[in-house]
Amino acid sequence: MKILSKIFILLFLLIILDGCGSHSVVSRFNPNPEINLLAENIDKIFSDPAFSHAHWGVEIKSLQDGKIWYSRNNNKMFMPASNEKIPTTAAALKILGPDFKFTTTLYSFGEIRDSVLHGDLIVVGNGDPTIYSRFYETPLEVFNCWADSLKSCGINKIDGNIIGYDNLFDENPIGYGWSHGGLDAWYSAEAGPLNFNENYIDLKIEPDPETGKAKITPNVETGYIEIENNTMVCDTGRGGILVSREYGGNKIVVSGIIKSDRKAFERSPTITNPTHFYVTVLRETFISNGIEVAGKALDCDDIGMNDFQPQPEAVLLVHHSAPLSDILKMLMKRSQNLFAEIMPRAISLEVNGRGSFWMGKKVIAELLESWGIPQDSYAYMDGSGLSRYNYISPSILVTILEKMREDQHYPLWKDFLPVAGVDGTLRRRMKGTSAEGKVFAKTGTISNVRALSGYTTTADGEEIVFSFIVNGHLLSSYDTELITDKVLELITSFSRKNS
């Protein structure tokens, strides 16, 4: 009976301990008592009762000795939001290399004589996402240069069509499981082998008292879109502007009330069918530069062009993008979803000869497996993190970050990451604290999800890798930042020398 009593007491104690928060692990067996105290203080922050309804996943690890200082649900699955860009960007850097450049080629499909291309002009691309004002003075700079190049080759007229050939990628322009309700927002832009203006239109919106409506100015004047202005200018009351695009079409509706004293602001609704958008604007640009175009702007699918085998002598011009290192830096600093969605497809095209997210996913999985991350231990369902079918653990993210810390391209990799209080999506966070300028990390945000994973250093320079993810929270993003940023302030002000 005494033995049974002891067993019952032991079971009771285990149940009590389990109910008291065994999801978190404080490094009580670390020989440094200061680290133990730090971990206990971190645990108190993550145990904030305001987040009792939510789920935190955390791993904090020293890169000096490889020991975990603190963990909470670190091997559980979480939606990572834009922390999905960590495996995406790591794989692109490793597989494609920092010097990789996207290539766009213009071909003549006909004979050139008497300053006329008697046939079609065909544009073939492999995913360049940079033809926009982030990399050029204006979105049209590249197209204007192409017009000049054609004229310098003696082409003043194209007697046929301008055709966008997009069959180097498969026909899956959006991520798996993306919400259709948000497809008109800039961050949900479709991805393809031909991308222009990041596949949306920037609309400058400002009050126009003379017309009594908002003045709407697109950054690219094109007949590809139709803008319906259902706005009204008011002097009093509350204003509110809604910009939407009908699903499957390119009619953009701007509606609502704009205050007469409101300063100009910008909205960026997406377009559908990036290929057709691309060649439409290209045709318009050629015409505005004095090149007559008799035919139409066409997606190759419009005419059943399933296969195109160009001859070297048919090349009119070749355009190369900025190096991949510059593109990945923009991807991570701004958290640009289009760039991220291009990467698995570009990886697949490079490795398999066809751009497919699903084929690219397999290549990425092989890389992660070589790092000791089994293929059945996570769910990688898009490149950007917009899908709510993505699942990964803080421990896996830390492993990827550790592997990249050991990589030859680590200086580039670290430079890709937003810096607390300095730039990117962290530019406004942790200013004036010990963490400012010392936290290099990728943010992540979708509804009810917040994430932050990366590197930092303690007060005496010890390198730390971390991953924080919260799922199912019903508070504001600011509330989650109060938690994670306070923890990082503790870490960056910590010193072993005080022990």
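Here, the structure is the one placed above.
Rules of the game
- Residues numbered from 1 in each chain as written.
- Predicted model: local features only at pLDDT ≥ 70, side-chain atom pairs only at ≥ 80, totals over all residues.
- Heavy atoms only, no water.
- Buried < 20%, exposed > 50% of the residue type's maximum accessible area, 1.4 Å probe, protein only.
- Helix = DSSP H or I, 4+ residues; strand = E, 2+ residues; numbered from the N terminus.
- Pairing = 2+ DSSP bridges.
- Phe/Tyr/Trp six-rings, centres within 6.5 Å; stacked < 30°, edge-to-face > 60°.
- Lys NZ or Arg CZ within 6 Å of the ring centre and 35° of its normal.
- Axes fitted to C-alpha atoms, helices over the stretch in contact; angles between N-to-C directions.
- Salt bridge = Lys/Arg side-chain N within 4 Å of Asp/Glu carboxyl O.

A. Summary view of the pairing of strand 17 (residues 440-446). Counting buried residues in strand 17 gives six out of seven residues, a clear majority hidden from the surface. Taken together, the seven bridges between strand 17 and strand 18 (residues 449-457) define a ladder with antiparallel strand orientation. By the bridge assignment, T445 is partnered in strand 18 with R450. Count of turn residues in the strand 17/strand 18 antiparallel hairpin: two residues, of which N448 carries a positive phi of about 70 degrees.

B. Representation of the packing of aromatic side chains in the model. All chains considered together, the criterion is met by 25 aromatic pairs. Ring centres of W186 and Y187 lie 6.0 Å apart, and the angle between their planes is 80 degrees; on these two criteria the pair is classed as edge-to-face. Here W186 falls in the partly exposed class, since its relative accessible area comes to 28%. For Y187, a relative accessible area of 36% corresponds to the partly exposed category. Over the face of the ring belonging to Y410 we find R405, whose NZ or CZ atom lies 4.3 Å from the ring centre. Stacked on the ring of F440, the Lys or Arg K414 has its end atom at 4.4 Å from the ring centre.

C. Quick look at the sheet that holds strand 13 (residues 265-267). The antiparallel open sheet is built from three strands, whose spatial order is 9-8-13. The open sheet has two edge strands, strand 9 (213-218) and strand 13, and neither has a second partner. In this sheet, adjacent strand axes meet at a mean angle of 35 degrees when their direction is disregarded.

D. View of the pattern of salt bridges. Summed over all chains, the structure comprises 18 salt bridges. With its nearest N and O atoms 3.0 Å apart, the salt bridge here joins R72 to D43. In this pair, R72 is assigned in strand 3 (residues 68-72) and D43 in helix 2 (residues 33-46), connecting sequence segments 29 residues apart. Relative accessible area serves as the criterion here: at 13%, R72 is assigned to the buried category. According to the relative accessible area criterion, D43 is buried, its value standing at 17%. A salt bridge links D407 to K94; its shortest N-O distance comes to 2.5 Å. Taken together, the positions of D407 in the loop between helix 9 (394-405) and helix 10 (410-416) and K94 in helix 3 (residues 85-95) put the pair 313 residues apart, joining distant regions of the chain. One connected set of salt bridges, linked through shared partners, spans R429, R450, E481 and D485.

E. Representation of the sheet that holds strand 10 (residues 226-234). Read from one edge of the open sheet, three strands run 10-12-11, paired in mixed fashion. In this open sheet, the two strands that pair with only one neighbour each are strand 10 and strand 11 (240-245). Neighbour-to-neighbour, the strand axes of the sheet open up by a mean angle of 5 degrees, direction not taken into account. Here strand 10 runs beside strand 12 (residues 251-259); their pairing, made up of nine bridges, is parallel. Across the sheet, residue E228 finds its bridge partner in strand 12, namely V253.

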